[in-house]
Amino acid sequence: MTTLAFRTATLSHTGGRPINEDACGYRNGCWVVADGLGGHGGGEVASRLAVDSLLQQADLPLPMDAAGLIQALAAAEQAIHHQQKTDSRLSQMRTTLVLLCSDGHNALWAHIGDSRLYHLRDGRIHFQTRDHSVPQAIADAGEIAPAEIRFHEDRNRLLRSLGNDKAQRPTLAEALLPLRAGDVFLLCTDGFWEYVTEAEMEVTLAKAASPGQWLQSMAFVLLRRATAVHDNYTALAVFVDPWSPEP
């Protein structure tokens, strides 16, 4: 079986806010994006702890099964809980998180909160995660269209996050995803997807020669539409390429 290769680019900005509570990173077939919840204090600490914990575990690397991802997420949450107990000012910090892992043949993903993963194949969105949020629940009930989630009055009401006192309930991929050369993944916070529609993701991808170019094109769309006080925005793009040996 041929091992595939990856090209990755990241983009993270404060937007119209004083600090950036988003965090992202990638290493050894592991890509992570997290969005600290500003209303709870210490959001930037929670998101960074979660990302750093998962990337450290990727040095092993992470197991390519659901049990392995759940264990990795539990370790990330444990790091957050430890800091909550160490510093009372951070006792309520929370974060969303979306994680993609691959061994070069297959991929697995997991997420909690409203940071999203999009999988594009043949230039079209093949799959996208469903938020753990009140508007998503309303959309699932058929009371609003999925497109209305973006600007719903309860858009910031999350049902799940890392760092709270409730049992961790991430959503994981139902099965291993066999990768194809040409597959594309986008991991992003709500401050990004709120201003870039799924159709715009596809259109900008068709004109992009690299993951960095794709992110910059989408950021241009975002900045034309965003308000002056818009949220932090972070995105991580992964292009799946055929493997080729070094010359």
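Cut-offs and rules
Residues numbered from 1 in each chain as written. Predicted model: local features only at pLDDT ≥ 70, side-chain atom pairs only at ≥ 80, totals over all residues. Heavy atoms only, no water. Phe/Tyr/Trp six-rings, centres within 6.5 Å; stacked < 30°, edge-to-face > 60°. Lys NZ or Arg CZ within 6 Å of the ring centre and 35° of its normal. Helix = DSSP H or I, 4+ residues; strand = E, 2+ residues; numbered from the N terminus. Polar contact = N/O pair within 3.5 Å; in protein donor to acceptor, adjacent residues only side chain to side chain. Contact = heavy atoms within 4.5 Å. Disulfide = S-S within 2.5 Å. Buried < 20%, exposed > 50% of the residue type's maximum accessible area, 1.4 Å probe, protein only. Pairing = 2+ DSSP bridges. Axes fitted to C-alpha atoms, helices over the stretch in contact; angles between N-to-C directions. Parallel < 35°, antiparallel > 145°, perpendicular 65-115°, else oblique. Left-handed = near helix turned anticlockwise from the far one by under 90°. Nonpolar A, V, L, I, M, F, W, Y, C, P; charged D, E, K, R; others polar. Expected span 1.5 Å × (residues − 1).

Student: With reference to specific residues and values, describe the packing of aromatic side chains.
Tutor: Inspection of the entire model under this criterion finds 4 aromatic pairs. For Arg116, the ring lying beneath its charged end belongs to Trp193, and the centroid distance is 3.4 Å.

Student: I'd like to hear about the side chain of His132, residue by residue, with values.
Tutor: You can see His132 is positioned in the loop between β7 (124-128) and α3 (134-140). Engagement of the side chain of His132 in a polar contact is seen with the side chain of Thr171, the distance being 2.7 Å. Excluding residues within four positions of it along the chain, His132 makes contact with His111, Ile112, Gly113, Leu158, Leu159, Arg160, Arg169 and Thr171.

Student: Now, about the state of the cysteines: what can you tell me, with residues and values included?
Tutor: All told, the structure shown has 0 disulfides when counted by the stated rule. As a non-bridged cysteine, Cys24 has Cys188 as the owner of its nearest cysteine sulfur, 11 Å distant. In this structure Cys24 comes out as buried when scored by relative accessible area, which is 16%. There is no disulfide at Cys30, and the cysteine sulfur nearest it, in Cys101, is 4.3 Å away. Residue classification places Cys30 among the buried residues on the basis of a relative accessible area of 1%.

Student: Describe the pairing of strand β3 (residues 30-36), naming the residues involved and giving the relevant values.
Tutor: Among the 7 residues that make up β3, 7 are buried, leaving the element largely enclosed by the rest of the structure. The alternating pattern of β3 places Cys30, Val32, Ala34 and Gly36 on one face and Trp31, Val33 and Asp35 on the opposite face, and all of these are buried. With 6 bridges joining them, strand β2 (residues 22-27) and β3 adopt antiparallel strand pairing. Looking across to β3, one finds that Asp22 is bridged to Asp35. A loop of 2 residues connects β2 with β3, the two strands running antiparallel in sequence, and Asn28 in this loop sits at a positive phi of about 50°. Direction of pairing for β3 relative to strand β4 (residues 95-102): antiparallel, over a ladder of 7 bridges. Residue pairing in the sheet places Cys30 in a bridge with Cys101 of β4.

Student: Please provide a residue-by-residue account of the packing of helix α5 (residues 198-206) against helix α6 (residues 211-225), values included.
Tutor: Following both chains from N to C, one finds α5 and α6 inclined at 135°, their axes separated by 9 Å at the closest point. On the basis of the axis angle, α5 is oblique to α6. In this structure, α5 crosses over α6, and the sense of that crossing is right-handed. Across the interface between the two elements, Glu200, Met201, Thr204 and Leu205 of α5 pack against Trp214, Ser217, Met218, Val221 and Arg225 of α6. Partitioned by chemical class, the residues of the contact of α5 with α6 number 5 nonpolar, 2 polar and 2 charged.

Student: Describe the sheet that holds strand β10 (residues 184-188), and please don't skip the residues or the numbers.
Tutor: Taken in spatial order, the 5 strands make up an open sheet running β1-β11-β10-β6-β7, and their pairing is antiparallel. If you trace the sheet from one side to the other, it starts and ends with β1 (5-13) and β7, each paired once. Going across the sheet, the axis of each strand differs from the next one's by a mean of 20°, ignoring polarity. Strand direction decides the pairing type here: strand β6 (residues 116-121) and β7, joined by 4 bridges, are antiparallel. In the sheet register, Arg121 faces β7, and the bridge partner there is Arg124. Strand contacts of α6: β1, β6, β10 and β11 (233-241), with the helix running at about 30° to β1, the strand carrying the most contacts.

Student: Can you break down helix α1 (residues 43-57) residue by residue, with the values?
Tutor: With 15 residues, α1 ought to run about 21 Å at 1.5 Å a step, and its terminal C-alpha atoms sit 22 Å apart, in line with that. Summarising the contacts, the buried residues of α1 are in contact with β2, β3, α2 (66-86) and β4.

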